[in-house]
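# Notes for the structure review
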Amino acid sequence: MRQFLQRNAYLFLTSFSVMLAVQAPGQGPGTPLQSPNNTESSRQTPPKKPATATGTSGSAAAPRGSAGTGTPPPGSAAPANDGLDPKYLEFEVLGMRFRPPVQSIMRADGSGITAQWTISERADPPRFVLRVSRLVASDATSTPAQQIDSYVKSVSERPSPNAVFAVRSRKEFELDGRPAALLYTSLREGSGDDEISAVQGYFILQIAPNEFVVISSLLAEQDFASVSKLLERSFRTMQVANQAALADERSGRIARGDHLLRGLDEEAMRRALDPVGAKGDAPAPRWYRITRVDATGDVKDVGYMTMVVIDAAQGLANPDRRESEWTKTEKERGMLVRMQVRTLLDATGTAFSDTEARYWTRWDRGREFWTVRSTIRKDRASSTSTQLGIRSEPTSGSPRPILEVADVVPKEVATEPRRWPIPEVGYLSQAESLVLPRLFPKVDAPADYGFYCFDPRSGRLAQRVDRQVPTAKGYNIATQTTLDAPAIAQLVDERGILLKRSSDDGSVIEATTGQALLDLWQKKGLPTK
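Our subject in this report is the structure included herewith. Treat the numbers as computed from the prediction; the structure is a model and nothing was measured.

Further remarks concern the sheet that holds strand 3 (residues 89–91). The strand order 3-4-12 describes an open sheet built from three strands, whose pairing is antiparallel. The sheet is open, and its two edges are formed by strand 3 and strand 12 (239–240), each paired on a single side. Pairing geometry for strand 4 (residues 96–98) and strand 12, over two bridges, is antiparallel. Across the sheet, R97 pairs through a bridge with Q239, a residue of strand 12.

Rendered as structure tokens:
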């Protein structure tokens, strides 16, 4: 049953918003959070007509907010032994946060007001799958109870000869004075050995006269009694932010980020370079092991990475250009970040991807250039895709700098480069984004910064958030590459050199040495050439 849950979660978690509402074209709510006052006036409603359930979308975001923004101090709202993660998942574009069950993993889909997040248990298969999204009712005003009534009526009147639906439970209550509702319905489909059954749930919290946060859930029948209680505890931790305060928080972050960037002269940027050898030799690359913990708790090697930061001409950022061909522009010098990544595409390493990326920015930060080349290899076959990014200086015909990003993918029709005008404040180049912890000031209290930066994962120019928290021997850095992305957690030393990074996909990057990595991969029979 749980395997069915894992395979079919998306299908069951997509119809609620389609039936009841449309995604709003405006901007999402948001901001510093007020502690929830879970004034439960919950009432049980007897089962109504047969109903089906399906929902919206879900996954998580990241830590945000510095002191004074309304975010409670760490641990202030985290009771022990309640089955929930002590850390809140922050959904800034929705203006809310809540504590998920422990051992949850998250994924973000879409962007801005259409963003959705998927949350599931770190197990194979999981006992639950959640999707989180924003819902806008078609009526000018509505309530969670009215949304549920409309949903039950719509589904019960829809012909479905091969499926049986029934309302399992329904509650209506308040969270911090806001109307909320929680519905669970049963689904049974098929017959005999092909019969499947699942429980679908919807938690709905009102955030505006016709706007709601919806968390839809899918559970296995045998887990309903225990998991539904766990999820309700999680949903009741939800806190809603204040939009005006959130806007102030965002502008404050961007101002701090812009102030940091405007202070970066060549001397400051050169401090981010890797040291040359004792005899003036080129800096040696730093090596990183990439692993992921599977559902059984075993650590699996899934790749490795090298990184080096040097003083170089722009021409070195383009492996297709020989030095003798460089133009005057290509001879200009700046900071070059070179990365090489191998990622295993199967457990044996017979298929893998090799990526070489070179990111360059001029010392005065006036221009940038990068190339990324990824080759997928399996047996003797290979396929290569490339990305080229260029930010040129302003001209009389284009007084505002433009960022252009072009992708070339095999067997796909070539498309026009994507273009964005560069924001007037807080723009962070790709090279700078990769060494940002090295550029941060030394602080003895948490500090957060906002920037505008191209996000390769979503393929857009987006607002980015970085939070710097001092530790005994360095800093913890939490990075959201977009406002709707989960946080990437980094541990860096006092210089800002990366020691460990944990991403929302469960992968972990840890510093090692080339020899240690070579010995390990050879011992495991993984490809090293």
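Picking up after the structure, the text goes on.
Phi angles above zero are rare outside glycine, and Q103 is one such case at about 60°. Considering the arrangement of structural elements, one finds Q103 in the loop between strand 4 and strand 5 (104–109).

This paragraph deals with the pairing of strand 24 (residues 488–493). What you see with strand 24 is a clean split: I488, Q490 and V492 sit on the buried side and A489, L491 and D493 on the side with no burial. Bridge analysis of strand 23 (residues 474–480) against strand 24 gives six bridges, and the strand direction is antiparallel. In the strand pairing of strand 24, I477 is matched with Q490. Note: strand 24 against strand 25 (residues 498–502), four bridges, orientation antiparallel. Bridging across to strand 25, V492 finds its partner in L498. If you look at the hairpin formed by strand 24 and strand 25, you'll find four residues sitting between the two strands, and G496 has a positive phi there, around 90°.

The tally for this structure, following the rule as stated, stands at 40 salt bridges. The shortest N-O distance in the salt bridge between R286 and D274 comes to 3.0 Å. With R286 in strand 13 (residues 286–293) and D274 in the loop between helix 6 (266–270) and strand 13, this residue pair connects regions lying 12 residues apart in the sequence. Relative accessible area serves as the criterion here: at 24%, R286 is assigned to the partly exposed category. Linked through salt bridges whose partners overlap, the residues forming this network are E332, R362, D364, R367 and E393.

So, about the nonpolar core. If you look at the biggest cluster of nonpolar residues, it comprises 44 residues, and the most contacted ones within it are M335, V337, Y359, L403 and V435. Looking at this core element by element, the count peaks at five residues for strand 21 (residues 447–455). Setting aside anything within four residues of it in sequence, one finds V435 in contact with A272, M307, V309, M335 and V337. Ranked by size, the runner-up nonpolar core spans 33 residues in total, among them V93, Y184, L231 and V240.

To continue, consider the packing of aromatic side chains. Tallying each qualifying case throughout the model produces 12 aromatic pairs. Where Y359 meets W370, the ring centres are 6.4 Å apart and the plane angle is 40°; that geometry is what we call tilted. Of this pair, Y359 sits in strand 16 (residues 351–362) while W370 is found in strand 17 (residues 368–378), placing the two residues 11 residues apart along the sequence. When its relative accessible area of 12% is taken as the criterion, Y359 is described as buried. Each ring, one from F440 and one from Y449, has its centre 4.8 Å from the other, and the planes form 20°; the classification is stacked. Each of the two residues, F440 as well as Y449, counts as buried. An aromatic cluster of at least three residues, connected via ring pairs, comprises Y359, W370, W420 and F454.

On a regular strand, each side chain points to the face opposite its neighbour's, so the side chains alternate between the two faces of the sheet. Two elements, strand 8 (residues 163–175) and strand 9 (residues 178–189), share 12 bridges in a ladder whose sense is antiparallel. Pairing of E172 across the sheet is with A181, part of strand 9. Hairpin connection between strand 8 and strand 9: a loop of two residues separates the two successive antiparallel strands, and D176 in this loop has a positive phi of roughly 55°.

We now examine the side chain of S507. By secondary structure assignment, the location of S507 is in strand 26 (residues 507–512). Those residues in contact with S507 that sit more than four places away from it in its chain are I290, T291, R292, R501 and S502.

Here we take up helix 5 (residues 243–262). Compared with the 28 Å implied by 1.5 Å per residue over 20 residues, the 29 Å span of helix 5 between its first and last C-alpha is a close match. At its buried positions, helix 5 is contacted by helix 8 (436–439), strand 21 and strand 22 (460–471). Of the residues that open helix 5, the one with a side-chain oxygen 3.1 Å from the backbone nitrogen of A244 is N242.

So, how was this worked out
- Residues numbered from 1 in each chain as written.
- Predicted model: local features only at pLDDT ≥ 70, side-chain atom pairs only at ≥ 80, totals over all residues.
- Heavy atoms only, no water.
- Pairing = 2+ DSSP bridges.
- Helix = DSSP H or I, 4+ residues; strand = E, 2+ residues; numbered from the N terminus.
- Buried < 20%, exposed > 50% of the residue type's maximum accessible area, 1.4 Å probe, protein only.
- Salt bridge = Lys/Arg side-chain N within 4 Å of Asp/Glu carboxyl O.
- Core = buried A, V, L, I, M, F, W, Y, C linked by side-chain atoms within 4.5 Å.
- Contact = heavy atoms within 4.5 Å.
- Phe/Tyr/Trp six-rings, centres within 6.5 Å; stacked < 30°, edge-to-face > 60°.
- Expected span 1.5 Å × (residues − 1).
- Polar contact = N/O pair within 3.5 Å; in protein donor to acceptor, adjacent residues only side chain to side chain.

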